[in-house]
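# Coordinate inspection notes
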Amino acid sequence: MSILIKNGRIITADADQVADLYINDETVQAIGKDLPWKADKEIDATGKLVFPGGIDPHVHLDMPFMGTFSSDNYETGTRAALFGGTTMVIDFILQKQGNSLHAALEEWRSRSDNNCVGDYSFHMAVTDFNENTRKEIKDFTDKEGITSFKTFMAYKGALMIDDRQMVGLMEEVKKWGGLINVHATNGDMIDYLIAKHKDEGKLSPLYHYLSQPEVTEAEASERFADMAYYTGCPGYIVHLTCEGALNAVRNATRRNQKVFVETCIQYLLLDATLYEKDFDGAKWVMSPPLRQTKDQETLWAGINQGLVQVVATDHCPFKWEQKKMGEKDFSKIPNGHPAIEHRMELLYSEGVNKGRITLNKYVEIACTNPAKIFGMFPRKGTIAVGSDADIVIIDPNEKHRISSKTHHMNVDYSAYEGRELTGKVKTVLLRGKVAIENNHCHIDKGYGKFIKRNKVEGKI
Ligand SMILES: [Zn+2]
């Protein structure tokens with residue numbers, strides 16, 4: 001099937017032109033003014049913006065947690081993502097301590113395979129690095145197409161690895177051309193503060209925030225950067241939230257080290273005053289927690305300075321009933337919030353429309369950099385001849401409001417209820433097929449493909 005998109009303003013990370021786009025089968029065939037060809041379907045994009053499909057490299061779908069699961073499964077989550085212009089996600093496989101990495105891969109595949117509407121990949125979270133798991137790394141980078149390995153410096157006793165394991169894993173991952181992603185917060189300090197607040201009877205969601213002060217993230221980010229520098233392994237800090245942590249990364253650049261940084265849309269737009277709303281604050285209980293308005297400014301600046309390369313979501317929704325598991329104890333509130341559907345529109349409305357970032361920067365941080373850093377460029381993350389025809393068409397002027405009544409995520413509240421946005425996703429193509437049009441999803445679960453990723457070079 002062929003599609004001709006006429007007269008759109010096509011934006012990539014480094015170009016901006018009004019042109020036609022000709023797509024045949026799954027890929028882009030031609031870009032140019034007044035293309036003379038006929039196609040099976042024609043889309044008039046006059047006055048609209050045409051972007052590459054968004055890539056959200058940080059989501060948790062159908063994730064087991066405390067006897068329950070995050071409420072979006074691979075079908076509802078990737079469909080909601082498509083409605084918001086995100087055509088591909090990277091989810092996390094979590095190794096169970098004591099078990100192999102391959103056992104975890106099989107478990108995650110049993111939930112994801114044939115269930116995705118949009119394209120997907122995985123990061124492999126290594127929670128127990130030992131002689132057996134060391135031998136598995138090469139298989140992931142060379143055969144499975146999974147080239148990034150997540151580590152946790154927090155969640156003591158469940159997911160956390162110590163620095164000895166971290167350095168060993170870095171050496172192994174570097175050897176096979178992979179990259180380490182890290183949740184960089186000081187797990188011992190947080191563990192102490194949680195216990196202290198509970199002892200003092202301080203149990204509301206506010207104390208989730210107060211148990212993870214900025215210094216816990218700044219300290220761990222610096223330590224991680226130092227270990228990455230020592231081993232020479234490419235490093236990527238997920239969901240960086242604050243000034244202190246970004247300063248650690250900035251310091252690393254002074255010795256010509258590149259540490260990749262991801263922030264998430266909520267850290268750019270929401271702040272910690274939301275935790276003062278009694279238990280309602282549980283909606284935003286996530287780790288790291290929301291920070292202060294000064295941190296938001298630091299992150300926007302970091303994007304423009306090239307220190308922050310990616311804006312993701314850490315989408316990990318739980319319904320209100322599930323959040324209530326922690327009604328009497330903040331440490332039992334499932335961590336995470338829904339955002340997969342709104343990242344692209346929020347970032348457009350609050351970033352581009354309000355003049356904080358350029359259109360090219362928008363594409364770079366939401367589409368291109370995730371593809372480059374995680375070994376999928378130029379197949380994904382741009383609009384070029386030969387690239388997958390993952391295309392998003394936005395009406396830059398249409399206003400709309402976010403609400404749990406109209407969103408497509410499987411969760412009964414919104415973190416942005418009532419917020420008005422300017423700019424709406426109208427049409428989305430995934431590998432040459434119309435996925436979203438007229439507010440309907442036209443593809444089914446099973447269309448989404450597992451994308452094998454290449455080795456990473458540690459530079460973009
Ligand atoms: Zn996460």
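Residues numbered from 1 in each chain as written. Predicted model: local features only at pLDDT ≥ 70, side-chain atom pairs only at ≥ 80, totals over all residues. Heavy atoms only, no water.

## Here we look at the overall build of the chain
Formally: Each helix is a run of DSSP H or I of at least 4 residues and each strand a run of E of at least 2, with the numbering of both proceeding from the N terminus. Accessible area is worked out with a 1.4 Å probe on protein chains only. A residue is then buried under 20% of its type maximum, exposed over 50%, and partly exposed in between. Using a 1.4 Å probe, the Shrake-Rupley method yields the accessible areas, and only the shown protein chains count as cover for residues. Counted as positive: Lys and Arg. Counted as negative: Asp and Glu, with His and the chain ends omitted from the count. By convention, the charge on Lys lies at NZ, on Arg at CZ, on Asp at CG and on Glu at CD.
Tallying secondary structure elements over the chain gives 13 helices and 19 strands in all. Taken along the three principal axes of its C-alpha coordinates, the chain extends 70 × 50 × 45 Å. Relative to its 460 residues, the chain shows a buried fraction of 62%. Total accessible area on the chain stands at roughly 17,100 Å², and carbon and sulfur atoms take up 47% of it. A distance of 1 Å separates the average location of the 57 positive side-chain charges in the chain from that of its 63 negative side-chain charges.

## Quick word on the packing of aromatic side chains
As a reminder of what qualifies: Two rings belonging to Phe, Tyr or Trp (six-membered ring only in the last case) form a pair when the distance between their centres is within 6.5 Å. Interplanar angles under 30 degrees mark stacking, angles over 60 mark edge-to-face geometry, and anything in between is tilted. Note on geometry: a ring has a charge over it if NZ (lysine) or CZ (arginine) is within 6 Å of the ring centre and within 35 degrees of the ring normal.
This structure, assessed with the given rule, holds 15 aromatic pairs. Between K372 and the ring centre of F377, over which it is positioned, the NZ or CZ distance is 4.9 Å.

## Regarding the side chain of Q165
Spelled out, the test is: The contact rule is simple, with two residues in contact once any of their heavy atoms fall within 4.5 Å.
Topologically, Q165 is positioned in helix α4 (residues 163-175). On the basis of relative accessibility, which here comes to 18%, the residue Q165 falls in the buried class. Among all residues touching Q165, those that are not within four sequence positions of it are T127, D128 and F129.

## Let's talk about the coordination of the zinc ion
Condition: Donor criterion used throughout: N, O or S atom within 2.8 Å of the metal, extended to 3.2 Å for Na, K and Ca. Water excluded; incomplete-looking sites may result.
Note on the zinc ion: its protein donors are H58 (NE2), H60 (NE2) and D314 (OD). The metal-donor distances range over 2.1 to 2.2 Å. Expressed as a motif, the donor residue spacing for the zinc ion is H-x1-H-x253-D. Of the two residues, H58 is situated in strand β6 (residues 54-59) and D314 in the loop between β15 (310-312) and α11 (320-323); the sequence distance between them amounts to 256 residues. A relative accessible area of 1% places H58 in the buried class.

## A closer look at the nonpolar core
How we decide: What makes a nonpolar core is a set of buried Ala, Val, Leu, Ile, Met, Phe, Trp, Tyr and Cys residues whose side-chain atoms join them at distances within 4.5 Å.
In this structure, F51, L347 and Y362 are the most contacted members of the largest nonpolar core, which totals 114 residues. Of the residues forming this core, the biggest block, six residues, is contributed by helix α13 (residues 359-373). Counting residues in hydrophobic clusters, the runner-up holds 16 residues, among them A19, V28, A45 and A389.

## Here's the deal with helix α1 (residues 74-83)
So the rule is basically this: Definition of a polar contact: a pair of N or O atoms within 3.5 Å, with one able to donate and the other able to accept a hydrogen when the atoms are protein atoms, and with sequence-neighbouring residues admitted only if both atoms are side-chain atoms.
Counting buried positions along α1 yields eight of 10 residues, so the element is predominantly enclosed. Listed as buried for α1 are Y74, T76, G77, T78, A80, A81, L82 and F83. For α1, the elements touching its buried residues are β9 (86-94), α2 (101-112), β10 (119-125), β17 (420-430), β18 (433-437) and β19 (440-441). The opening residue of α1 is N73, an N-cap whose side-chain oxygen sits 3.0 Å from the backbone nitrogen of E75. Positive backbone phi, at 90°, marks G85, one or two positions downstream of α1.

## With respect to the environment of F450
In this structure, F450 sits in the segment after β19. The exposure class assigned to F450 is partly exposed, which follows from its relative accessible area of 23%. Once the C-alpha coordinates of F450 and Y236 are considered, the two residues, 214 residues apart in sequence, prove to be 22 Å apart. Not counting chain neighbours up to four residues away, the residues in contact with F450 comprise Y120, S121, F122, E144 and I146.

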